[in-house]
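# Fold and contact review
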Amino acid sequence: GAPGDGPPPQALGDGFGSGSVEAALEAAMRAAGLHDERFDFGGALVRGERPVHEGLHHHGAAAEAAGYTLAELVHLSRSTVPAQRATALRALARVWSVHSSGRLAASVRRWSRDADAAVAIRVALDDANLSAVHAALDAAVALAVSLGAP
């Protein structure tokens, strides 16, 4: 075939079973070994119990666990509430910044690539809410730096 006639780029959800975005994010998290890792809004790993007033408990799959998985943060970045979108995007930016080196760096980079995190950030750049757009820009820079780190 002619140059460029290869298969199309893999879209979010392809090859992960159900084809849903959530399933793709979860599968990428498991493949990267991050399925048990939860983060606070500052990007730090959450270990042990945390008080509910810190705002790290939610109504997700593991509501009793403090913190958010990377998949939950991406899901929250698509909330109908602009402040939740901005908060989730800022938290993702901080995860990428905090974990661009160290024990979790390779796993976070792998998840970011496998889950097509850049697509979620790109979509967020079209947000009508200025705070969410600024948070998406922060996330885009942090993701690019994280993926470019050795």
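Placed above this text is the structure.
Let me sum up the structure you'll find in this document.

Reading the values: rules and limits
- Residues numbered from 1 in each chain as written.
- Predicted model: local features only at pLDDT ≥ 70, side-chain atom pairs only at ≥ 80, totals over all residues.
- Heavy atoms only, no water.
- Helix = DSSP H or I, 4+ residues; strand = E, 2+ residues; numbered from the N terminus.
- Buried < 20%, exposed > 50% of the residue type's maximum accessible area, 1.4 Å probe, protein only.
- Contact = heavy atoms within 4.5 Å.
- Areas by Shrake-Rupley, 256 points an atom, 1.4 Å probe, with all protein chains shown as cover.
- Core = buried A, V, L, I, M, F, W, Y, C linked by side-chain atoms within 4.5 Å.
- Axes fitted to C-alpha atoms, helices over the stretch in contact; angles between N-to-C directions.
- Parallel < 35°, antiparallel > 145°, perpendicular 65-115°, else oblique.
- Left-handed = near helix turned anticlockwise from the far one by under 90°.
- Phe/Tyr/Trp six-rings, centres within 6.5 Å; stacked < 30°, edge-to-face > 60°.
- Arc of directions from axis to C-beta.

## Quick notes on the overall build of the protein chain
Looking only at helices and strands, one finds six helices and zero strands in the protein chain. Relative to its 150 residues, the protein chain shows a buried fraction of 39%. Taking the intrachain contacts of the protein chain between residues at least 6 apart in sequence as the baseline, contacts between residues at least 24 apart amount to 57%. As displayed, the protein chain has an accessible area near 8,000 Å², and 58% of this comes from carbon and sulfur atoms.

## Notes on the nonpolar core
Counting residues in hydrophobic clusters, the biggest one holds 33 residues, and the most contacted among them are Leu34, Leu70, Leu73, Trp96 and Trp111. Listed by contribution, the elements that provide at least two residues to this core are helix H1 (21-31), helix H2 (70-76), helix H3 (82-98), helix H4 (105-114), helix H5 (117-124) and helix H6 (130-148). Beyond its immediate sequence surroundings of up to four residues, Leu73 is in contact with Tyr68, Ala88, Ala91, Leu92 and Val95.

## So, the packing of H1 against H4
Between H1 and H4, the least distance of the axes is 9 Å, while the angle of their chain directions is 150°. When the axis of H1 is compared with that of H4, the two are roughly antiparallel. The handedness of the crossing between H1 and H4 is right-handed. Contacts from Leu25, Ala28, Met29 and Ala31 of H1 reach H4 at Arg110, Trp111 and Asp114.

## With respect to unusual backbone geometry
Even without being glycine, Asp116 reaches a positive phi, approximately 55°. Relative to the helices and strands, Asp116 is located in the loop between H4 and H5.

## Let's talk about the packing of aromatic side chains
One pass over the structure, following the stated rule, counts one aromatic pair. Pairing Phe41 with Tyr68 gives two aromatic rings, centres 5.4 Å apart and planes at 35°, and the pair type is tilted. Of this pair, Phe41 sits in the loop between H1 and H2 while Tyr68 sits in the loop between H1 and H2; the two residues are 27 residues apart in sequence, bridging distant segments of the chain.

## A closer look at H4
Given 3.6 residues to a turn, an α-helix orients residues that are three or four positions apart in the same direction. Of all the positions in H4, only Ala105, Val108, Arg109, Trp111 and Ser112 are classed as buried. Viewed end-on, H4 has its buried residues packed into an arc of 165°, placing them on one side of the element. On its buried face, H4 is in contact with H1, H2, H3, H5 and H6. Just beyond H4, the residue with positive phi is Asp116, at close to 55°.

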